[in-house]
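Residue-level structural notes
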Amino acid sequence: MSKTNTAAQEPKWVQRLLDWYDVNKRDLPWRGVGDPYKIWVSEVMSQQTRIEAMKPYYDNWMQLFPTVEALAEASEDEVVHAWQGLGYYSRARNLRLGVQEVVSNYGGVVPMDRKSMESLKGVGAYTAGAVLSMAYNLPEVAVDGNVLRIYARLYNINDDILGAVGKKKITALVEETLPHDRPGDFNQSLMDFGSSLCIPKSPRCSDCPINSSCEAYANGTTADLPVRIKKTKSITIPLVVGLVQLGDYYLLHKRPNTGLLRSMWEFPSAEASDFSAGESQLKDLLGALGFELKLDSTMVRELTHVFSHRKWEMKTYQGTLIWRGSDAEQIAAIQTKLPADYMLLPRLEFATYTWAGPHGKLTELCK
DNA sequence: AACCCGGGGAA
DNA sequence: TTCCCAGGGTT
């Protein structure tokens with residue numbers, strides 16, 4: 001629970017920001033509805049994701065899973081498939097698990113206290129505060145990247161906002177300044193303010209309704225704040241990818257259920273930077289499954305895909321497979337002899353499956 | 001505290 | 001290219 005604050009202690013900028021919000025707030029589908037489930041979904045979808053990017057996913061999600069019960073009953077595959085393309089897929093898996101907890105342990109009602117909220121899968125300090133303040137108008141702070149940036153400037157805080165010290169310092173400040181009559185609106189006003197005016201680079205200070213309260217603006221340090229520690233560099237991984245067919249069927253591989261892009265489908269690939277090295281590895285790989293591989297040396301697509309800490313440099317080739325078993329064996333029979341993480345699939349059924357990031361873009365090369 | 005987990009828009 | 005976004009989980 002946040003500290004109490006009196007009207008006398010409330011900084012002048014708080015009411016000015018609320019006034020600005022009343023005029024300039026964005027019209028978003030989960031706002032003004034008072035539905036904690038909708039707000040919860042929107043918050044999780046928005047994590048590390050811009051609003052414009054997640055909007056269509058949100059609309060689709062609500063069609064598929066309109067209530068906590070609907071989501072709780074959905075399979076993990078359905079849920080991750082609906083998340084396909086958004087990234088950070090653990091968010092989808094954890095959201096489903098969290099909602100299942102609500103249905104089984106809270107009678108389907110999203111809890112109204114921070115401790116219970118934060119005990120739910122995928123719900124941390126931020127999401128708990130956001131849902132509680134926006135859905136139930138409880139005086140809880142929701143400290144996200146926007147809030148860290150805004151307060152670092154308003155109060156000229158030089159600590160690294162990604163570190164524990166800076167984050168703790170700012171959270172204390174937000175608790176002191178949170179207006180208890182409109183906590184939900186206040187938290188949302190910070191989001192809208194941070195995404196339109198107090199933006200990371202080149203903040204639009206001349207248009208800012210609270211620049212007279214901003215210490216960084218007064219000191220001329222808005223360009224230097226907030227302080228963020230630089231991230232570690234990403235490593236580059238060269239990959240040779242094979243779009244390999246047995247008749248009308250493509251051979252696909254399901255990634256392990258741990259690590260990057262877990263449990264998603266991809267085309268067979270090898271960690272190699274040139275055709276011959278990749279061809280050799282793929283022949284070994286598919287040979288162990290019982291296939292003979294003929295790979296065409298003409299590259300059909302070169303694709304670079306950047307993750308947070310990794311970069312895939314993918315070279316894609318087409319090829320055909322020959323089953324080493326008896327000539328009479330049909331696809332279905334061969335299928336039963338493959339390991340569980342491999343399958344043969346016709347192109348028309350591709351849309352049914354969840355693709356591992358950039359592999360989804362390669363499906364357009366298949367016929 | 002450090003690292004892992006996606007994807008995309010903007011400069 | 002680099003930055004960074006309505007973060008949370010794991011080790």
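Predicted, not measured: the structure shown is a model, and the values here were computed from it.

1. As for the packing of helix α2 (residues 36-46) against helix α6 (residues 90-105)
Following both chains from N to C, one finds α2 and α6 inclined at 155°, their axes separated by 10 Å at the closest point. The angle between α2 and α6 places the two elements in the roughly antiparallel class. In the packing of α2 onto α6, the handedness of the crossing is right-handed. Of α6, the residues touching α2 (which contributes Tyr-37, Trp-40, Val-41, Val-44, Met-45 and Ser-46) are Arg-91, Leu-95, Gly-98, Val-99 and Val-102. When the residues that make up the contact of α2 with α6 are grouped by side-chain class, the tally is 8 nonpolar, 2 polar and 1 charged.

2. A closer look at the UniProt feature "domain: HhH-GPD" (unreviewed entry) in chain A
Feature annotation in UniProt assigns "domain: HhH-GPD" (unreviewed entry) to the following positions: residues 45-196. For residues 45-196, the helix share is 67%, the strand share is 0%, and the end-to-end C-alpha distance is 19 Å.

3. Things to note about the nonpolar core
One finds Tyr-37, Trp-40, Trp-61, Trp-83, Leu-95, Leu-252 and Phe-267 to be the most contacted residues of the largest nonpolar core, which totals 62 residues. In terms of residues, this core owes the most to one element, helix α8 (residues 125-136), which gives 7 residues. Split by domain, the residues of this core number at least three in each of domain 1 (12-219) and domain 2 (235-365). If we ignore the near neighbours within four places in the chain, the residues touching Leu-252 are Trp-265, Glu-266, Phe-267, Asp-341, Tyr-342, Met-343, Leu-345, Phe-350 and Trp-355. Residues Tyr-21, Leu-178, Phe-186 and Cys-208 belong to the second largest nonpolar core, which totals 30 residues.

Reading the values: the criteria
- Residues numbered from 1 in each chain as written.
- Chains lettered and ligands numbered in written order.
- Predicted model: local features only at pLDDT ≥ 70, side-chain atom pairs only at ≥ 80, totals over all residues.
- Heavy atoms only, no water.
- Axes fitted to C-alpha atoms, helices over the stretch in contact; angles between N-to-C directions.
- Helix = DSSP H or I, 4+ residues; strand = E, 2+ residues; numbered from the N terminus.
- Parallel < 35°, antiparallel > 145°, perpendicular 65-115°, else oblique.
- Left-handed = near helix turned anticlockwise from the far one by under 90°.
- Contact = heavy atoms within 4.5 Å.
- Nonpolar A, V, L, I, M, F, W, Y, C, P; charged D, E, K, R; others polar.
- UniProt positions renumbered as here; feature names shortened; annotations may be inferred.
- Core = buried A, V, L, I, M, F, W, Y, C linked by side-chain atoms within 4.5 Å.
- Buried < 20%, exposed > 50% of the residue type's maximum accessible area, 1.4 Å probe, protein only.
- Domains from an automatic or database assignment.

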